[in-house]
Amino acid sequence: MSTSQTPEFIPADYVLAVDHVGVAVPDLDAAVTWYSANLGMVETHREVNEDQGVHEAMMSLPGAGDDSSALQLLAPASDASTIAKFIDRNGPGLQQLAYRVTDIEAVATFLRSRGLRLLFDAPRPGTAGCRINFIHPKDAGGVLIELVEPAPNPTH
């Protein structure tokens, strides 16, 4: 390859790990208590995401480190939120699988070039200052896949 050519995108250069698994729950405090009492997980971050209409808590295993995968518990902030609609349609349970990426724009460009639809035209703010987008579940075998570019100093 000559230096004037753009290198081919290699997903493994940008997709680092499973960041978290999102679980829709009707009661955030009850879910945090359940995962703590039964699996020994600890709450590492909590916030309200007004744009997405959710109360969320990040859960991790003690001593797992900042780069480990987490569990994101998502409770509806209102009856109109997408999480409320998910729970009404499917009941509580797995809602999304999130991958940690180094460059969300590069990944989005690559995926769109392959004909995949993303839910947002541009990344949006996510948990703890990260940037997120989602691959449409109809283009990902029925799975809602979240792309997460962590903030420079993540808190989960």
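That block above? That's the structure.
Residues numbered from 1 in each chain as written. Predicted model: local features only at pLDDT ≥ 70, side-chain atom pairs only at ≥ 80, totals over all residues. Heavy atoms only, no water.

### Some thoughts on helix H2 (residues 28-39)
Taking 1.5 Å of rise per residue, 12 residues should cover 16 Å, and H2 covers 16 Å from first to last C-alpha, within 8% of that figure. Of all the positions in H2, only Leu 28, Ala 31, Val 32 and Tyr 35 are classed as buried. All buried residues of H2 fall inside an arc of 100° around its axis, so they share one side. Those residues of H2 that are exposed and aimed more than 90 degrees away from the buried face are Thr 33 and Ala 37. Elements in contact with the buried residues of H2: strand E1 (15-24), strand E2 (42-49), strand E3 (54-60) and strand E4 (70-76). (Helix = DSSP H or I, 4+ residues; strand = E, 2+ residues; numbered from the N terminus. Expected span 1.5 Å × (residues − 1). Buried < 20%, exposed > 50% of the residue type's maximum accessible area, 1.4 Å probe, protein only. Arc of directions from axis to C-beta. Contact = heavy atoms within 4.5 Å.)

### Focus on the environment of Asp 67
Within the secondary structure layout, Asp 67 lies in the loop between E3 and E4. On the accessibility criterion, Asp 67 (65% relative accessible area) is exposed. With 73 residues separating them in the primary sequence, Asp 67 and Ala 140 have C-alpha atoms 25 Å apart.

### Some remarks on the layout of surface pockets
A volume near 530 Å³ is recorded for the largest pocket. If you go around the largest pocket, you meet 32 residues; those closest to its centre are Gln 52, Thr 82, Gln 95, Phe 134 and Leu 144. Sorting the residues of the lining of the largest pocket by element identifies E1, E3, E4, helix H3 (82-90), strand E5 (93-101), strand E7 (131-135) and strand E8 (145-149) as the ones contributing at least two each. Tallying contributions element by element places H3 first for the lining of the largest pocket, with 6 residues. Within the lining of the largest pocket, the residues separate by chemical class into 13 nonpolar, 12 polar and 7 charged. (1 Å grid on protein atoms, 1.4 Å probe; cavity = no way out; pocket = protein on both sides within 12 Å on 5 of 7 lines; lining within 4 Å. Points joined across faces, edges and corners; volume = space filled by probe spheres on them. Nonpolar A, V, L, I, M, F, W, Y, C, P; charged D, E, K, R; others polar.)

### Notes on the pattern of salt bridges
One pass over the full model with this rule turns up 6 salt bridges. Where Arg 46 meets Asp 29, a salt bridge forms, and the shortest distance between an N and an O atom there is 2.8 Å. Of this pair, Arg 46 sits in strand E2 while Asp 29 sits in helix H2, and the two are 17 residues apart along the sequence. For Arg 46, the salt bridge is made with Glu 43, and the minimal N-O distance between the two is 2.8 Å. (Salt bridge = Lys/Arg side-chain N within 4 Å of Asp/Glu carboxyl O.)

### Points about the packing of aromatic side chains
Under the criterion given, the structure shown has 2 aromatic pairs. Where Trp 34 meets Tyr 35, the ring centres are 4.9 Å apart and the plane angle is 75°; that geometry is what we call edge-to-face. Taking the relative accessible area as the measure of exposure, Tyr 35 reaches 17% and is therefore buried. (Phe/Tyr/Trp six-rings, centres within 6.5 Å; stacked < 30°, edge-to-face > 60°.)

### A look at the sheet that holds E3
Two strands in a sheet stick together by hydrogen bonds in their backbones, pointing the same way (parallel) or opposite ways (antiparallel). Spatially, the 8 strands line up as an open sheet ordered E2-E3-E4-E1-E5-E8-E7-E6, and their pairing is mixed. Looking at strand neighbours, the two that pair on one side only are E2 and strand E6 (124-125), the edges of this open sheet. Here 5 bridges tie E7 to E8, and the two strands are oriented antiparallel to one another. By the bridge assignment for E8, Arg 131 is matched with Glu 149. Strands E1, E2, E3 and E4 of the sheet are contacted by H2, whose axis makes an angle of about 10° with E3. Its contacts with the sheet place H3 against E1, E3, E4 and E5, and it is angled at close to 90° to E4. (Pairing = 2+ DSSP bridges. Axes fitted to C-alpha atoms, helices over the stretch in contact; angles between N-to-C directions.)

None of this, on its own, says anything about what the molecule does.
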